[in-house]
Amino acid sequence: MKALVALILLVQLPIHKAVPAAPPAPLGCDDPESEAAAEVAVSYINGHSHHGYKFALNRIENIRVLPQGLNNDIIFLELDLLETGCHILSPTPLANCTVRSFTEHAVEGDCDVKLQKLDGKLSVLASKCHSHADSSEDILRLCPDCPLLQSLNNTDVLATVTAALNDHNSKTTDAYLRLLEIGRARTQYHPTHTVSVEFAVAATNCSAEEAKDNVEACQLLPDDQSNFGFCTATMVTRPLQDLKVDCQLYGHQVPTPDIPFLSQDTSAGLVPSVGQGFINHNLRLSHNNPVASESSSSEFPTSMLSAKSVAKRAVAEVAQHDKVPRPVGFVPPPPPCPGRIRHFKI
C-alpha cells in the first residue's frame, strides 16, 4: 500500500523540462566588440593598400556574427571610411592622421570585411573595398569658392607636379627625388586660378647635383635603403604666376614581410596614364588573406543587408515601438545598427 501511494505521489509531481538558453543578443554597431573588430579591419585595409591615402573609420554600418564552434566566430562587417591626409607610405600612426574636412572634397570608402575571432584573437580573412569622392554639387552648395578635386592626369596638374619637383631638385643639395605617384589635385578658379597638388616621391641613388649631368642614371634606392617622401605644391597662374613647394622625406622604413612596399610596383614612378582620368585612388577592390585559417575566405554572405536596408529597418523598428503605449519618460533603446557617425556623413 505504501508503495502504491508513493508511486501516485511521484506521478503527480510536476515535471521540470530543461529550458533552452536564449540566444545571445545581436552585437550592436557601437558595442566595444564591434569597434575592436572594426579597428583590426581598418588596420588591415590600410596595411594592404599600396596607393593613395590612409583611411579612418567613420561608421560601422552593419555587423553579423556566425558562430562556428567553441570560441570560434566568423564576423562580417560593413564599414564607412573617410580619407585622411596621411599618404599610405607615411609612418604616421593612423590615430595621428587628420580626416580631410568636407570642404576639402572628402573621399569616402565603403568596405565589406570578413574576420575570424578564434580564442579571443581577431584576424582578417578577406576585404572588399571601393572609394569615391563626394559630388562637386555637394561641395559647391556649402562652399561655392572651394577648390574641387581634379583629374590626376589633367594637363595643368601634370605641369604643376613637374614644375614643383624640378623646383625642389634645383634647390636642394640632398638626394634627387623622383615621382612615385600623384595622390591628389584640386583646382580653384576664383579669385585666382590655382592648382594644388600632393604627390609621393622617393630618393634616388644620386644627389641633386649629380642628377644635373646624367639624370637617367639616377635610380630608386633598393628596399633595404629606401627613403620615401611626400610633397605639396601650389601653382598660381593668374593673375600672377607663383609656385610654392614643400617636400618632406620620411626616412628609411623596413617593410612588413607580408606587405610589399610601393617601390616594388613603381620602380619607374607612377604617373597616371592619359586614359584614366580618375580624381582619387580607389581602395583595393578585394584582398584575401593568403594565410587565413578559415576556408572560402573570399565569400561574403549575400544575405548581408546594405546600409540603406539597415537604416530603413531601424527606422521601422523605432516607429513600431512608438505605436505601443509606454510608461511616461520611457526612451526606446537605439537600434543596434548602423552605428554612430564619428566625423560627418557624405
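An unreviewed UniProt entry lists the protein under the name FETUA protein, with Ciccaba nigrolineata as the source organism. Per UniProt, the protein carries the Subcellular location (unreviewed entry) text "Secreted".

Novice: Would you take a moment to explain the overall build of the protein for this structure?
Specialist: In terms of regular secondary structure, the protein is built from six helices and ten strands. The proportion of buried residues among the 346 residues of the protein is 42%. Of all intrachain contacts in the protein linking residues separated by at least 6 positions in sequence, the fraction that spans at least 24 positions is 73%. When the accessible surface of the protein is summed, it comes to about 19400 Å², and 57% of that surface belongs to carbon and sulfur atoms.

Novice: Explanation requested: the nonpolar core in the structure shown.
Specialist: Most often, soluble globular proteins have nonpolar side chains that are buried together. By size, the foremost hydrophobic cluster in this structure holds 26 residues, and its most contacted members are Leu77, Leu79, Leu81, Cys111 and Val113. Here the element with the most residues in this core is helix α2 (residues 32–47); it accounts for six residues. Sequence-distant contacts of Leu81, defined by excluding residues within four places in its chain, comprise Val42, Ile45, Phe55, Ala56, Leu57, Asn58, Val107, Glu108, Gly109, Cys111 and Leu283. Counting 18 residues, the second-largest nonpolar core is a separate cluster that includes Leu152, Leu179, Val197 and Ala203.

Novice: Got a minute to help me understand the confidence of the model for the protein in this structure?
Specialist: If pLDDT is low for a region, its predicted coordinates should not be looked at in detail. Of all residues in the protein, 72% attain a pLDDT of 70 or more, and the chain-wide mean is 81. Looking across the protein, the model is least confident in helix α6 (residues 307–322), with a mean pLDDT of 41, and most confident in strand β2 (residues 72–87), with 97. The model gives residues 257–275 a pLDDT under 50, and that stretch makes 38 contacts with residues more than four places away or in other chains. Residue range residues 303–323 is modelled with pLDDT below 50. Its contacts to residues more than four positions away, or to other chains, number 23 contacts.

Novice: In this structure, what is going on with unusual backbone geometry? I would like to understand it.
Specialist: Excluding glycine, most residues fall at negative phi; most peptide bonds, likewise, are trans. In this chain, His190 is followed by Pro191 through a cis amide linkage whose omega measures 0 degrees. Look at the link from Arg238 to Pro239: it is a cis peptide, with omega at 0 degrees. Inspection of the secondary structure assignment puts Pro239 in the loop between β8 (228–238) and β9 (242–251). The phi torsion at Asn71 lies on the positive side, around 55 degrees, for a residue other than glycine. Since its relative accessible area comes to 48%, Asn71 is described here as partly exposed. Notably, Asp119 is not glycine yet its phi reads approximately 50 degrees, a positive angle. Position of Asp119 relative to the elements: it lies in the loop between β3 (107–118) and β4 (121–133). Look at Asp119 and you get exposed, because its relative accessible area is 60%.

Novice: Before we go on, may I ask you to explain the state of the cysteines in this structure?
Specialist: Disulfide: a covalent bond connecting the sulfur atoms of a pair of cysteines. Using the criterion set out here, one finds six disulfides in the structure. Between Cys86 and Cys97 runs a disulfide, and the two sulfur atoms are separated by 2.2 Å. Looking down the S-S bond of the Cys86 and Cys97 bridge, the torsion is -105 degrees, so its handedness is left-handed. Highlighted residues: Cys86 in strand β2 and Cys97 in the loop between β2 and β3, separated in sequence by eleven residues. Classification of Cys86 by relative accessible area gives buried; the value is 10%. Take Cys97: its relative accessible area is 9%, and that puts it in the buried class. Bridging Cys143 to Cys146, the disulfide has an S-S length of 1.9 Å.

Thresholds, definitions, all that
Residues numbered from 1 in each chain as written. Predicted model: local features only at pLDDT ≥ 70, side-chain atom pairs only at ≥ 80, totals over all residues. Heavy atoms only, no water. UniProt positions renumbered as here; feature names shortened; annotations may be inferred. Helix = DSSP H or I, 4+ residues; strand = E, 2+ residues; numbered from the N terminus. Buried < 20%, exposed > 50% of the residue type's maximum accessible area, 1.4 Å probe, protein only. Contact = heavy atoms within 4.5 Å. Areas by Shrake-Rupley, 256 points an atom, 1.4 Å probe, with all protein chains shown as cover. Core = buried A, V, L, I, M, F, W, Y, C linked by side-chain atoms within 4.5 Å. pLDDT = per-residue confidence, 0-100. Disulfide = S-S within 2.5 Å.

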